[in-house]
Amino acid sequence: MIKIPTLAALAAESKEAEILFWVGCAGSYDARAQKVSRALAQILTEVGMEFAILGNEEVCTGDPARRAGNELLFQMSALQNIQTLDAYGVKKIVTACPHCFNTLKNEYPALGGTYEVIHHTQLLQELISSGRLVLKGGGAFKGKKITYHDSCYIGRINGVYEAPREVLEALDADLVEMKRCKTKGLCCGAGGAQMWKEDEPGDKRINVERSDEALETGASIVAVNCPFCMTMMTDGIKARDKQDDVMVFDLAELIIQHNAQ
Amino acid sequence: MIQQIVFSLLTLAVFFVAGRQFWHIRNKIFLGKAEPIGGDTGKRWKHVLLVAFGQQKMFSNWIPAFFHLCIYVAFLFTQIELIEILLDGFAGVHRFFAPILGIFYTLIISTIEVLSLLAFVATLVFLVRRNLLQVPRLSKPEMKGWPALDANLILVAEILLITGIFSMNGADVLLQQLDPAHYPDTGRLLISSFTGPALFGALDTQTLVVVERFGWWLHILVVYGFLLYLPFSKHLHILLAFPNTYFASLEPRGAMENMPEVMQEVKVMMGLAPETSGSDTDELPDFGAHDVFALSRLNLLNAYTCTECGRCTAVCPANLTGKKLSPRKVMMDIRDRADEVARTIAASDGKLHPKNYDDGKSLFDYISKEEIHACTTCNACVEACPVLINPLDPILKLRRYEILTQSEGPAEWLPMFNSIENAGSAWAISDPRDQWTTAS
């Protein structure tokens, strides 16, 4: 168990946080994504960052509703969140979800909420390069083949390709790229509210197509930066019965594993 | 003299008819909603220079990019020769620029010849790619019929244009020696000084004159044919790519267009804004888009700019895995619907106009719900387009119409909507939101 203050608790003591950790619905409720939330919280705690969460005051950013076409619901969620964020005077936000990241960063300003928003892979890269996060040299991944899956909302949509790769390089991993990567990276199939529905009729599931590409690299670890990609890639690898050979991890988890050795 | 009159009348007629056709295209684009064009003008010109003029985005796939560049640069340079043809035609002179420009003339025409030869090869390569090689993106279902014919017609026209240039230059090289008074010296043309004698060396003067005139008229007639054909063809991109890149959105790619009308409504609901008087008596407006009138002019400009290359469809995860969605088809459908609407309006004797238009049809007669439901909003199509067309934007507008105006959509989305509305979470889970901090 990790003790993470909420902004409400800090405010009661007239304190502020350096950064708000926006957990998101997946990070809060999805069992697999919860582990990523804990990994990130552990890293932030270890580097001594004063961070806080909103706890029950956080509601869905509205991304899936907006992309499904439900603008009304998006506006309701967004305006509620902006009220909360502004009430606490939040300036800087970190999140492990690329969809939350994109909506907070690119869409809330038009509704009156402007914050400095960074994705956790960017924060981790910053912490490593500034020396604040020390990678103890266990060499857990030395020479291990890791492939990195660009999420659409961090990669193509927000142009962040290098920070996550720099983190993997700092782990001494042998980074192998998939055929389609960076600007040409293939979607895992979950974006645009697809996460909440079945694929339309076709001849293959998108996540299986992407997982096949990851498997082709021969990597034993697929590194992801998004809770939805995490689910889709895990399911795709399972569909090929490779779940015992190939594992899917978020970058934050890889750092914890590296330092635990 | 007769030639001069025929040429002048024909040219004026072609310009008049083509001008009208291009005006119709403009009107079809203006069926869409006017939207403010904000942002940094410098950035917009940079897009025009790099992306349209400089073909920057083509080079993510360098083989077609190289061949396309050959045709494109040849097209640009041939405009100089075209200006001369127009001057010659109107004034009844021959090679107006040759004596004036001297050595530069030789240089310019030789450059055009080299580029034309490259374009000739490139055109043959494209014909082979389209018709023999079964390149996946060029043989999708939406390419059957007219789109395939359209593409081939353009390529054949290019072959004819180049044939015209080499016929007229080749014969000219020989005629310059036979009749220097009428055929001013062009200097040694890089290609025709070889191909002229090789192809036409055996012909007598009279036949050479005919070959030269045949080449000249063939070239200008194909140019005119092209001009008249463009408004009906996917090939409009040679013109519209420029305004299209200029007007392309400068907003962050991840930002969906905000809907201020909905925001106002929600603010009133949440008590963040005062209720506007009379709002409850007003009829509820349509949200999103189900026809061209509710799309933006930029969406329609995008549709008319699309040259159906299919780079978007080739990278679409839904299309790649056999779903019906094809971003290219979405753009083609929008264009076809705008054409249909414009035809119906024109045939209605002034009875129909954009404000009262109703033919019982909509974009949904072209684009199925299944197609728009398959989109993952991954932006691969947006990234792939060499001329900054955004196929995602209209897809999302159609989704908004379906959800907000029709109250339809995939049933599986309802629990997600309900959960966000009632529990503030995309999944209905009753645990406290910070449960994850305590579990291990």
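Residues numbered from 1 in each chain as written. Chains lettered and ligands numbered in written order. Predicted model: local features only at pLDDT ≥ 70, side-chain atom pairs only at ≥ 80, totals over all residues. Heavy atoms only, no water.

*Asks:* Could you give an account of the sheet that holds strand S1 (residues 19-22) of chain A, naming the residues involved and the relevant values?
*Replies:* All names here are of chain A. Pairing is parallel in the open sheet, where four strands are placed in the order S2-S1-S3-S4. The outermost strands of the open sheet, each flanked by one partner alone, are strand S2 (51-52) and strand S4 (116-119). The strands touched by helix H6 (residues 98-107) within the sheet are S1, strand S3 (92-95) and S4, with S4 carrying the most contacts at an inclination of about 160°. (Pairing = 2+ DSSP bridges. Helix = DSSP H or I, 4+ residues; strand = E, 2+ residues; numbered from the N terminus. Contact = heavy atoms within 4.5 Å. Axes fitted to C-alpha atoms, helices over the stretch in contact; angles between N-to-C directions.)

*Asks:* Tell me about the pattern of salt bridges, and please be specific about residues and values.
*Replies:* Residues and elements named next belong to chain A. Scanning the model with the defined rule gives 40 salt bridges over all chains in all. Here Glu 253 ties to Arg 32 by a salt bridge, and the two come within 2.8 Å at their closest N and O atoms. Placement of the pair is Glu 253 in helix H11 (residues 251-260) and Arg 32 in helix H3 (residues 31-46), with a sequence separation of 221 residues. Glu 253 gets classed as buried once you look at its relative accessible area, which sits at 8%. (Salt bridge = Lys/Arg side-chain N within 4 Å of Asp/Glu carboxyl O. Buried < 20%, exposed > 50% of the residue type's maximum accessible area, 1.4 Å probe, protein only.)

*Asks:* Lay out the nonpolar core in plain terms, naming residues and giving numbers.
*Replies:* Across soluble globular proteins, nonpolar side chains have a tendency to be buried as a group. Ranked by internal contacts, the top residues of the largest apolar core, which has 103 residues, are Leu 85, Ile 93, Leu 124, Leu 168, Leu 254 and Ile 255 of chain A. Among residues more than four places away in sequence, those in contact with Ile 255 of chain A are Ile 43, Leu 124, Ile 128, Leu 133, Leu 135, Val 167 and Leu 171 of chain A. One finds Leu 240, Val 341, Leu 363 and Cys 381 of chain B within the second-largest nonpolar core, a separate group that totals 43 residues. (Core = buried A, V, L, I, M, F, W, Y, C linked by side-chain atoms within 4.5 Å.)

*Asks:* Describe in detail the environment of Ala 411 of chain B, supporting the description with residues and values.
*Replies:* Residue and element names in this part refer to chain B. For Ala 411, the location among the structural elements is in the loop between helix H17 (392-405) and helix H18 (413-423). Residue classification places Ala 411 among the exposed positions, given a relative accessible area of 57%. Sequence separation between Ala 411 and His 353 is 58 residues; the distance between their C-alpha atoms is 36 Å.

*Asks:* Kindly report on helix H7 (residues 192-200) of chain B, identifying the contributing residues and their values.
*Replies:* All names here are of chain B. Here H7 has its buried residues at Ser 192, Ser 193, Gly 196 and Phe 200. Down the axis of H7, the buried set is contained in an arc of 95°. They therefore lie on one face. Facing away from the buried surface of H7 by more than 90 degrees, the exposed residues are Phe 194 and Ala 198. Those residues of H7 that are buried are in contact with helix H5 (103-131), helix H6 (146-178) and helix H8 (205-229). (Arc of directions from axis to C-beta.)

*Asks:* Explain the packing of helix H3 (residues 62-91) of chain B against H8 of chain B residue by residue, including any values.
*Replies:* Residues and elements named next belong to chain B. Where H3 contacts H8, the axes come no closer than 11 Å and their chain directions differ by 110°. Classed by the angle they form, the pair H3 and H8 counts as roughly perpendicular. Contacts between H3 and H8 pair Thr 78, Leu 82, Ile 85, Leu 86, Asp 88 and Gly 89 from the former with Trp 216, His 219, Ile 220, Val 223 and Tyr 224 from the latter. Tallied by class, residues from the contact of H3 with H8 come to seven nonpolar, three polar and one charged. (Parallel < 35°, antiparallel > 145°, perpendicular 65-115°, else oblique. Nonpolar A, V, L, I, M, F, W, Y, C, P; charged D, E, K, R; others polar.)

*Asks:* Tell me about the sheet that holds strand S7 (residues 221-224) of chain A, and name the residues and values.
*Replies:* Residues and elements named next belong to chain A. The four strands lie next to each other as S6-S5-S7-S8, forming an open sheet whose pairing is parallel. Pairing within the sheet leaves two strands with one partner each, and these edge strands are strand S6 (174-176) and strand S8 (247-250). Strand after strand, the sheet turns through a mean of 35° between neighbouring axes, direction not considered. With four bridges connecting them, S7 and S8 associate as parallel partners. The residue bridging Val 222 from the neighbouring strand is Val 248, located in S8. On the sheet, helix H10 (residues 227-239) packs against S7 and S8 and is oriented at approximately 170° with respect to S8. Contacting strand S5 (145-148), S7 and S8, H11 crosses the sheet at an angle of about 95° to S8.

*Asks:* So what's going on with the domain arrangement of chain B? Residues and values would help.
*Replies:* Residues and elements named next belong to chain B. The domains assigned to chain B are domain 1 (2-30 + 61-246) and domain 2 (284-408). Each of domain 1 and domain 2 has a C-alpha centre, and these two points are 34 Å apart. Counting residues at the interface gives 20 residues for domain 1, matched by 26 residues for domain 2. Both sides together, the interface formed by domain 1 and domain 2 hides about 2100 Å², and carbon and sulfur atoms give 57% of it. Of all residues in domain 1, the largest losses of buried area upon contact with domain 2 belong to Lys 28, Arg 137 and Asn 244, amounting jointly to 32% of the total for that side. Scanning the region where domain 1 abuts domain 2 turns up two salt bridges. The partner of Glu 142 in a salt bridge is Arg 328, and the shortest N-O contact between them spans 3.1 Å. Elements with a contribution of two residues or more to the side of domain 1 that touches domain 2: helix H1 (2-29) and helix H9 (237-247). (Domains from an automatic or database assignment. Buried area = accessible area lost by both parts, 1.4 Å probe.)

*Asks:* Mind laying out a nonpolar patch on the surface, listing which residues take part and the relevant values?
*Replies:* Residue and element names in this part refer to chain B. Side chains of Ile 83, Leu 87, Val 93, Phe 96, Ile 100, Leu 101, Ile 103, Phe 104 and Leu 107 sit close together on the surface and give an oily, nonpolar patch of about 850 Å² of accessible area. When contributions to the nonpolar patch are tallied by element, the ones reaching two or more residues are H3, helix H4 (97-101) and H5. Counting residues per element, the nonpolar patch draws most heavily on H5, at three residues. In this structure, Phe 104 sits in helix H5. (Patch = residues over 30% accessible without salt bridge, like charges linked within 9 Å, V, L, I, M, F, W, Y side chains within 5 Å. Areas by Shrake-Rupley, 256 points an atom, 1.4 Å probe, with all protein chains shown as cover.)

*Asks:* An account of the domain arrangement of chain A is requested, with residue identities and associated values reported.
*Replies:* Residue and element names in this part refer to chain A. Assigned domains within chain A: domain 1 (7-125) and domain 2 (134-260). Placing a centre on the C-alpha atoms of domain 1 and another on those of domain 2 gives a separation of 23 Å. Of the residues lining the interface, 27 residues belong to domain 1; the matching set on domain 2 comes to 28 residues. Carbon and sulfur atoms supply 72% of the area buried between domain 1 and domain 2, which totals about 2200 Å² over both sides. Remark: the boundary between domain 1 and domain 2 carries one salt bridge. Taken together, domain 1 and domain 2 are joined by eight residue pairs in polar contact (both at pLDDT 80 or more). Elements with a contribution of two residues or more to the side of domain 1 that touches domain 2: H3, helix H4 (63-68), H6 and helix H7 (120-129). Counting residues per element, the side of domain 1 that touches domain 2 draws most heavily on H3, which supplies eight residues. Here the side of domain 1 that touches domain 2 is composed, by residue class, of 13 nonpolar, nine polar and five charged. (Polar contact = N/O pair within 3.5 Å; in protein donor to acceptor, adjacent residues only side chain to side chain.)

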